[in-house]
Amino acid sequence: MPFVSSCGSQKRRILGVEEGAVDPCQVLHISLNPDGSITRHDDNWPKTPATPDPPIDIPVLSKDVFINQSTNVWVRIFLPRQALLDHNKLPLIVYFHGGGFIICSADMTAFHNFCLNMAVQVQAVVLSVKYRLAPEHRLPTAYDDAIEVLHWIKTTTEEWLTKYVDFSNCFLMGNSAGGNLAYHAGLRAAAEVGNLQPLKIRGLILHHPFFGGTNKTDSELRLADKNPLYHRSVVELAWNLCLPIGAEADLDHEYCNPAVEGGSKVVLDQIKRLGWKVMMSGCYGDPVIDRLIELVKIMEEKGVQVVSHFVEGGSHSMEIGDASKAMVLYSQIKDFIFSS
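Residues numbered from 1 in each chain as written. Predicted model: local features only at pLDDT ≥ 70, side-chain atom pairs only at ≥ 80, totals over all residues. Heavy atoms only, no water.

Let's shift gears to the sheet that holds strand 5 (residues 90-96). The strand order 3-4-6-5-7-8-9-10 describes an open sheet built from 8 strands, whose pairing is mixed. Because the sheet does not close on itself, it has two edges, and the strands there are strand 3 (60-68) and strand 10 (305-311). With direction set aside, neighbouring strand axes in the sheet form an average angle of 20°. Summarising the sheet, strand 4 (residues 73-80) and strand 6 (residues 125-130) pair through 5 bridges and their orientation is antiparallel. (Pairing = 2+ DSSP bridges. Helix = DSSP H or I, 4+ residues; strand = E, 2+ residues; numbered from the N terminus. Axes fitted to C-alpha atoms, helices over the stretch in contact; angles between N-to-C directions.)

Quick look at the packing of aromatic side chains now. A complete count under the given rule lists 9 aromatic pairs for this structure. Their ring planes at 10° and their centres at 4.4 Å tell us that F210 and W239 sit as a pair that is stacked. Here F210, found in the loop between strand 8 (201-207) and helix 7 (218-223), pairs with W239, found in helix 8 (residues 232-242); they are 29 residues apart in sequence, far enough to count as distant. Accessibility classification places F210 together with W239 in one group, the buried group. Pairing Y284 with F310 gives two aromatic rings, centres 6.3 Å apart and planes at 75°, and the pair type is edge-to-face. Note that Y284 is positioned in the loop between strand 9 (277-283) and helix 10 (289-301) and F310 in strand 10, a separation of 26 residues in sequence. (Phe/Tyr/Trp six-rings, centres within 6.5 Å; stacked < 30°, edge-to-face > 60°. Buried < 20%, exposed > 50% of the residue type's maximum accessible area, 1.4 Å probe, protein only.)

Turning to helix 9 (residues 265-274), a few remarks are in order. If you check which residues of helix 9 are buried, you get L268, Q270 and I271. For helix 9, the angular spread of buried residues about the axis comes to 155°, placing them on one side. What points out from helix 9, more than 90 degrees from its buried face, is the exposed set V266 and R273. Looking one or two residues past helix 9, G275 carries a phi angle of roughly 80°, positive in sign. (Arc of directions from axis to C-beta.)

This next bit is on the pairing of strand 5. With 7 of 7 residues buried, strand 5 is to be regarded as a mostly interior element. Two elements, strand 5 and strand 7 (residues 165-175), share 6 bridges in a ladder whose sense is parallel. Paired with V94 across the bridge in strand 7 is L172. In terms of strand pairing, strand 5 meets strand 6 through 5 bridges, oriented parallel. Bridged to Y95 within strand 6 is S128. The parallel pair strand 5 and strand 6, bridged by helix 3 (residues 109-122), forms a crossover whose chirality is right-handed. (Right-handed = clockwise from strand over helix to strand, strands pointing away.)

This next bit is on the packing of helix 4 (residues 141-155) against helix 6 (residues 177-191). The geometry of helix 4 relative to helix 6 is characterised by a closest axis approach of 9 Å and an angle of 60° between their N-to-C directions. Classified by the interaxial angle, the pair formed by helix 4 and helix 6 is oblique. The two elements helix 4 and helix 6 cross, and the hand of that crossing is right-handed. For the pair helix 4 and helix 6, contact is made by A142, Y143, D144, A146, I147 and L150 and by N180, L181, H184, A185, R188 and A189, respectively. Looking at the contact of helix 4 with helix 6 residue by residue, the classes come out as 8 nonpolar, 2 polar and 2 charged. (Parallel < 35°, antiparallel > 145°, perpendicular 65-115°, else oblique. Left-handed = near helix turned anticlockwise from the far one by under 90°. Contact = heavy atoms within 4.5 Å. Nonpolar A, V, L, I, M, F, W, Y, C, P; charged D, E, K, R; others polar.)

What follows is the structure, encoded as C-alpha coordinates:
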(Lines give C-alpha, C1' and ligand atoms only; values in the text may rest on other atoms or scores of the structure.)
Protein backbone atom coordinates (compact mmCIF):
# COMPACT_ATOMS: atom_id res chain seq x y z
CA MET A 1 0.00 0.00 0.00
CA PRO A 2 1.52 3.37 -0.95
CA PHE A 3 2.45 5.72 1.84
CA VAL A 4 -0.08 8.51 2.36
CA SER A 5 1.00 11.99 3.42
CA SER A 6 0.35 12.58 7.11
CA CYS A 7 1.40 16.20 7.66
CA GLY A 8 -2.04 17.69 7.09
CA SER A 9 -2.74 21.33 6.29
CA GLN A 10 -2.96 22.43 9.92
CA LYS A 11 0.25 20.64 10.89
CA ARG A 12 1.97 22.03 7.82
CA ARG A 13 1.06 25.56 8.88
CA ILE A 14 2.39 24.90 12.38
CA LEU A 15 5.62 23.65 10.83
CA GLY A 16 5.80 26.69 8.59
CA VAL A 17 5.50 24.66 5.39
CA GLU A 18 3.56 26.38 2.63
CA GLU A 19 0.75 24.56 0.80
CA GLY A 20 2.09 22.96 -2.34
CA ALA A 21 5.61 22.60 -0.93
CA VAL A 22 7.27 19.29 -0.06
CA ASP A 23 5.37 17.38 2.63
CA PRO A 24 8.10 16.43 5.13
CA CYS A 25 6.13 13.56 6.66
CA GLN A 26 5.64 11.97 3.27
CA VAL A 27 9.32 12.30 2.45
CA LEU A 28 10.38 10.78 5.79
CA HIS A 29 7.65 8.08 5.75
CA ILE A 30 6.33 9.07 9.16
CA SER A 31 3.03 10.13 10.74
CA LEU A 32 2.80 12.69 13.55
CA ASN A 33 0.73 11.44 16.50
CA PRO A 34 -1.30 13.61 18.92
CA ASP A 35 0.80 12.49 21.91
CA GLY A 36 3.99 13.86 20.36
CA SER A 37 5.32 10.51 19.15
CA ILE A 38 5.59 9.47 15.52
CA THR A 39 4.64 6.37 13.59
CA ARG A 40 7.45 5.13 11.37
CA HIS A 41 6.34 3.33 8.24
CA ASP A 42 9.19 0.85 8.40
CA ASP A 43 8.08 -1.12 5.35
CA ASN A 44 9.72 1.68 3.37
CA TRP A 45 13.08 0.87 5.00
CA PRO A 46 13.94 -2.82 4.38
CA LYS A 47 15.98 -4.62 7.03
CA THR A 48 18.56 -7.40 6.98
CA PRO A 49 19.13 -9.94 9.78
CA ALA A 50 22.57 -10.56 11.23
CA THR A 51 24.44 -13.66 10.00
CA PRO A 52 26.71 -15.03 12.77
CA ASP A 53 27.39 -18.22 10.78
CA PRO A 54 27.13 -17.28 7.09
CA PRO A 55 28.12 -19.47 4.12
CA ILE A 56 31.87 -19.73 3.60
CA ASP A 57 31.75 -17.39 0.60
CA ILE A 58 30.45 -14.50 2.78
CA PRO A 59 33.59 -12.64 3.97
CA VAL A 60 32.03 -11.03 7.08
CA LEU A 61 30.22 -12.49 10.08
CA SER A 62 27.67 -10.38 11.96
CA LYS A 63 25.66 -10.70 15.13
CA ASP A 64 23.49 -8.55 17.40
CA VAL A 65 24.27 -8.03 21.08
CA PHE A 66 22.11 -6.18 23.59
CA ILE A 67 23.75 -3.35 25.53
CA ASN A 68 20.69 -2.41 27.56
CA GLN A 69 17.52 -4.45 27.18
CA SER A 70 15.45 -1.97 29.19
CA THR A 71 16.16 0.80 26.66
CA ASN A 72 16.44 -1.52 23.62
CA VAL A 73 19.94 -0.29 22.83
CA TRP A 74 21.96 -2.92 20.99
CA VAL A 75 24.86 -3.25 18.60
CA ARG A 76 25.51 -5.22 15.44
CA ILE A 77 29.09 -6.46 15.27
CA PHE A 78 30.73 -7.08 11.88
CA LEU A 79 33.77 -9.36 12.01
CA PRO A 80 35.88 -10.04 8.89
CA ARG A 81 36.19 -13.79 8.42
CA GLN A 82 39.92 -13.37 7.79
CA ALA A 83 40.33 -12.36 11.44
CA LEU A 84 39.50 -15.93 12.44
CA LEU A 85 42.65 -17.06 10.63
CA ASP A 86 45.04 -14.27 11.54
CA HIS A 87 46.65 -13.55 14.88
CA ASN A 88 46.72 -9.76 14.52
CA LYS A 89 43.97 -7.83 16.26
CA LEU A 90 41.98 -5.31 14.22
CA PRO A 91 41.00 -1.67 14.71
CA LEU A 92 37.50 -1.02 16.02
CA ILE A 93 35.08 1.35 14.26
CA VAL A 94 32.08 2.29 16.41
CA TYR A 95 29.48 3.32 13.82
CA PHE A 96 26.31 5.42 14.18
CA HIS A 97 23.70 5.29 11.41
CA GLY A 98 21.91 8.28 9.91
CA GLY A 99 18.23 9.17 9.77
CA GLY A 100 17.85 12.65 11.23
CA PHE A 101 17.75 11.14 14.76
CA ILE A 102 14.13 10.11 14.08
CA ILE A 103 14.19 7.17 11.63
CA CYS A 104 16.32 4.18 10.54
CA SER A 105 18.20 1.55 12.51
CA ALA A 106 21.40 -0.47 12.58
CA ASP A 107 19.63 -3.40 10.90
CA MET A 108 18.40 -1.35 7.94
CA THR A 109 19.67 -3.04 4.80
CA ALA A 110 21.50 0.03 3.48
CA PHE A 111 23.47 0.47 6.72
CA HIS A 112 23.99 -3.27 7.19
CA ASN A 113 25.54 -3.57 3.73
CA PHE A 114 27.62 -0.42 4.18
CA CYS A 115 29.10 -1.66 7.47
CA LEU A 116 29.63 -5.20 6.19
CA ASN A 117 31.57 -3.95 3.18
CA MET A 118 33.50 -1.45 5.30
CA ALA A 119 34.60 -4.23 7.66
CA VAL A 120 36.11 -6.30 4.85
CA GLN A 121 37.55 -3.41 2.82
CA VAL A 122 39.13 -1.59 5.78
CA GLN A 123 39.92 -4.81 7.66
CA ALA A 124 38.38 -3.57 10.88
CA VAL A 125 35.77 -4.80 13.30
CA VAL A 126 32.71 -2.57 12.92
CA LEU A 127 30.28 -2.13 15.79
CA SER A 128 27.07 -0.48 14.54
CA VAL A 129 24.90 1.05 17.27
CA LYS A 130 21.12 0.91 17.46
CA TYR A 131 20.45 4.01 19.60
CA ARG A 132 17.12 5.43 20.74
CA LEU A 133 15.27 7.76 18.38
CA ALA A 134 13.44 11.06 18.79
CA PRO A 135 10.86 12.44 19.39
CA GLU A 136 10.14 9.68 21.90
CA HIS A 137 13.71 10.08 23.12
CA ARG A 138 14.98 13.55 22.29
CA LEU A 139 18.59 14.62 22.33
CA PRO A 140 20.81 14.16 24.26
CA THR A 141 19.45 10.60 24.66
CA ALA A 142 21.30 9.34 21.57
CA TYR A 143 24.54 10.85 22.92
CA ASP A 144 23.88 9.13 26.27
CA ASP A 145 23.39 5.81 24.48
CA ALA A 146 26.67 6.25 22.61
CA ILE A 147 28.61 6.78 25.83
CA GLU A 148 26.89 3.77 27.41
CA VAL A 149 28.08 1.68 24.46
CA LEU A 150 31.67 2.88 24.92
CA HIS A 151 31.56 1.93 28.61
CA TRP A 152 30.14 -1.48 27.66
CA ILE A 153 32.97 -2.03 25.18
CA LYS A 154 35.68 -1.39 27.78
CA THR A 155 34.32 -4.08 30.13
CA THR A 156 32.71 -6.55 27.74
CA THR A 157 33.47 -10.26 27.67
CA GLU A 158 32.02 -10.53 24.16
CA GLU A 159 34.43 -12.91 22.42
CA TRP A 160 34.30 -11.23 19.00
CA LEU A 161 35.73 -8.12 20.64
CA THR A 162 38.08 -9.57 23.24
CA LYS A 163 39.70 -11.96 20.74
CA TYR A 164 39.83 -9.85 17.59
CA VAL A 165 39.86 -6.15 18.54
CA ASP A 166 42.79 -3.90 19.37
CA PHE A 167 41.17 -1.80 22.11
CA SER A 168 43.92 0.79 21.80
CA ASN A 169 42.87 1.59 18.21
CA CYS A 170 39.25 2.73 18.24
CA PHE A 171 37.50 5.26 15.98
CA LEU A 172 34.03 6.79 16.27
CA MET A 173 32.27 7.13 12.93
CA GLY A 174 28.83 8.21 11.79
CA ASN A 175 26.84 9.18 8.74
CA SER A 176 24.53 12.24 8.64
CA ALA A 177 22.79 12.33 12.05
CA GLY A 178 25.22 9.59 13.04
CA GLY A 179 28.07 11.93 12.12
CA ASN A 180 26.61 14.53 14.45
CA LEU A 181 26.35 11.77 17.07
CA ALA A 182 29.95 10.66 16.57
CA TYR A 183 31.11 14.28 16.96
CA HIS A 184 29.18 14.94 20.18
CA ALA A 185 29.95 11.50 21.62
CA GLY A 186 33.58 12.23 20.83
CA LEU A 187 33.44 15.52 22.71
CA ARG A 188 31.99 13.72 25.73
CA ALA A 189 34.46 10.85 25.52
CA ALA A 190 37.39 13.29 25.32
CA ALA A 191 36.20 14.90 28.55
CA GLU A 192 36.20 11.56 30.41
CA VAL A 193 38.92 9.67 28.57
CA GLY A 194 40.39 8.26 31.78
CA ASN A 195 37.14 6.42 32.51
CA LEU A 196 37.19 4.52 29.22
CA GLN A 197 40.46 2.61 29.56
CA PRO A 198 41.54 0.18 28.21
CA LEU A 199 39.49 1.50 25.29
CA LYS A 200 41.53 4.16 23.54
CA ILE A 201 39.89 6.39 20.95
CA ARG A 202 42.25 7.52 18.22
CA GLY A 203 39.92 9.76 16.25
CA LEU A 204 36.60 10.61 14.62
CA ILE A 205 35.34 9.84 11.12
CA LEU A 206 32.54 12.26 10.21
CA HIS A 207 30.72 11.21 7.05
CA HIS A 208 28.42 14.01 5.80
CA PRO A 209 27.50 14.94 9.41
CA PHE A 210 24.09 16.52 9.98
CA PHE A 211 24.39 20.07 11.34
CA GLY A 212 22.35 23.24 10.98
CA GLY A 213 21.93 26.81 12.09
CA THR A 214 19.50 29.71 12.19
CA ASN A 215 21.30 31.77 9.55
CA LYS A 216 21.31 29.78 6.33
CA THR A 217 24.62 29.30 4.55
CA ASP A 218 25.12 29.88 0.83
CA SER A 219 25.10 26.13 0.19
CA GLU A 220 21.86 25.66 2.12
CA LEU A 221 20.15 28.46 0.20
CA ARG A 222 21.44 27.15 -3.11
CA LEU A 223 20.97 23.40 -2.68
CA ALA A 224 18.40 22.66 0.03
CA ASP A 225 15.45 22.44 -2.37
CA LYS A 226 17.22 20.37 -5.04
CA ASN A 227 16.38 17.07 -3.35
CA PRO A 228 13.09 16.48 -1.45
CA LEU A 229 14.92 14.55 1.29
CA TYR A 230 16.96 17.66 2.15
CA HIS A 231 14.25 20.26 1.54
CA ARG A 232 14.33 22.90 4.27
CA SER A 233 10.92 21.75 5.58
CA VAL A 234 12.21 18.17 6.01
CA VAL A 235 15.39 19.29 7.75
CA GLU A 236 13.56 21.68 10.06
CA LEU A 237 10.99 19.01 10.96
CA ALA A 238 13.78 16.61 11.90
CA TRP A 239 15.38 19.21 14.17
CA ASN A 240 11.99 20.12 15.62
CA LEU A 241 11.43 16.49 16.56
CA CYS A 242 14.88 15.75 17.99
CA LEU A 243 16.04 18.89 19.84
CA PRO A 244 15.20 19.11 23.58
CA ILE A 245 11.76 20.25 24.70
CA GLY A 246 11.83 24.03 24.89
CA ALA A 247 14.56 24.28 22.26
CA GLU A 248 12.76 22.61 19.34
CA ALA A 249 13.05 25.65 17.08
CA ASP A 250 16.54 26.69 18.18
CA LEU A 251 18.74 25.78 15.23
CA ASP A 252 21.66 27.46 17.01
CA HIS A 253 21.41 24.97 19.86
CA GLU A 254 24.80 23.37 20.56
CA TYR A 255 23.49 19.97 19.39
CA CYS A 256 22.59 21.44 16.01
CA ASN A 257 25.20 24.12 15.34
CA PRO A 258 28.76 23.19 16.40
CA ALA A 259 30.05 26.59 15.31
CA VAL A 260 28.06 28.55 17.93
CA GLU A 261 30.48 30.76 19.86
CA GLY A 262 33.38 29.29 17.93
CA GLY A 263 32.65 25.67 18.80
CA SER A 264 33.43 23.59 21.89
CA LYS A 265 36.78 25.27 22.50
CA VAL A 266 37.72 23.59 25.77
CA VAL A 267 36.96 20.08 24.55
CA LEU A 268 38.65 20.69 21.20
CA ASP A 269 41.75 21.67 23.18
CA GLN A 270 41.46 18.32 24.95
CA ILE A 271 41.10 16.47 21.63
CA LYS A 272 44.30 18.16 20.47
CA ARG A 273 46.12 17.17 23.68
CA LEU A 274 44.96 13.58 23.30
CA GLY A 275 46.36 13.49 19.78
CA TRP A 276 43.06 12.49 18.20
CA LYS A 277 42.68 13.05 14.49
CA VAL A 278 39.49 13.79 12.57
CA MET A 279 38.45 12.77 9.07
CA MET A 280 35.72 14.91 7.49
CA SER A 281 34.00 13.54 4.40
CA GLY A 282 31.53 15.58 2.34
CA CYS A 283 30.63 16.84 -1.11
CA TYR A 284 29.81 20.15 -2.73
CA GLY A 285 26.37 18.91 -3.75
CA ASP A 286 25.32 18.60 -0.10
CA PRO A 287 23.45 21.59 1.39
CA VAL A 288 25.43 21.24 4.64
CA ILE A 289 28.86 21.50 2.95
CA ASP A 290 29.51 25.09 4.07
CA ARG A 291 28.98 24.07 7.71
CA LEU A 292 31.43 21.18 7.35
CA ILE A 293 34.07 23.49 5.91
CA GLU A 294 33.46 25.93 8.78
CA LEU A 295 33.81 23.16 11.40
CA VAL A 296 37.04 21.95 9.80
CA LYS A 297 38.40 25.49 10.04
CA ILE A 298 37.43 25.75 13.72
CA MET A 299 39.13 22.45 14.53
CA GLU A 300 42.27 23.33 12.58
CA GLU A 301 42.50 26.69 14.36
CA LYS A 302 42.48 24.76 17.65
CA GLY A 303 45.37 22.63 16.39
CA VAL A 304 43.35 19.45 15.79
CA GLN A 305 44.71 17.27 12.98
CA VAL A 306 41.99 17.15 10.32
CA VAL A 307 41.93 15.21 7.05
CA SER A 308 39.24 16.53 4.69
CA HIS A 309 37.75 14.80 1.66
CA PHE A 310 35.34 17.11 -0.18
CA VAL A 311 34.37 16.04 -3.70
CA GLU A 312 32.68 18.03 -6.45
CA GLY A 313 28.97 17.45 -7.07
CA GLY A 314 27.42 14.46 -5.37
CA SER A 315 24.65 14.40 -2.79
CA HIS A 316 24.22 13.94 0.94
CA SER A 317 25.26 10.46 2.13
CA MET A 318 25.75 9.32 -1.46
CA GLU A 319 28.16 6.51 -0.49
CA ILE A 320 25.47 4.68 1.48
CA GLY A 321 23.65 3.72 -1.71
CA ASP A 322 26.44 3.83 -4.30
CA ALA A 323 28.91 0.93 -4.14
CA SER A 324 31.56 2.54 -6.36
CA LYS A 325 31.58 5.76 -4.32
CA ALA A 326 31.61 3.70 -1.11
CA MET A 327 34.76 1.92 -2.26
CA VAL A 328 36.54 5.27 -2.57
CA LEU A 329 35.38 6.19 0.95
CA TYR A 330 36.55 2.84 2.37
CA SER A 331 40.00 3.44 0.89
CA GLN A 332 40.13 6.89 2.49
CA ILE A 333 39.06 5.46 5.85
CA LYS A 334 41.68 2.70 5.66
CA ASP A 335 44.43 5.23 4.88
CA PHE A 336 43.21 7.45 7.72
CA ILE A 337 43.14 4.64 10.31
CA PHE A 338 46.48 3.08 9.39
CA SER A 339 48.40 6.34 8.87
CA SER A 340 50.74 7.34 11.68
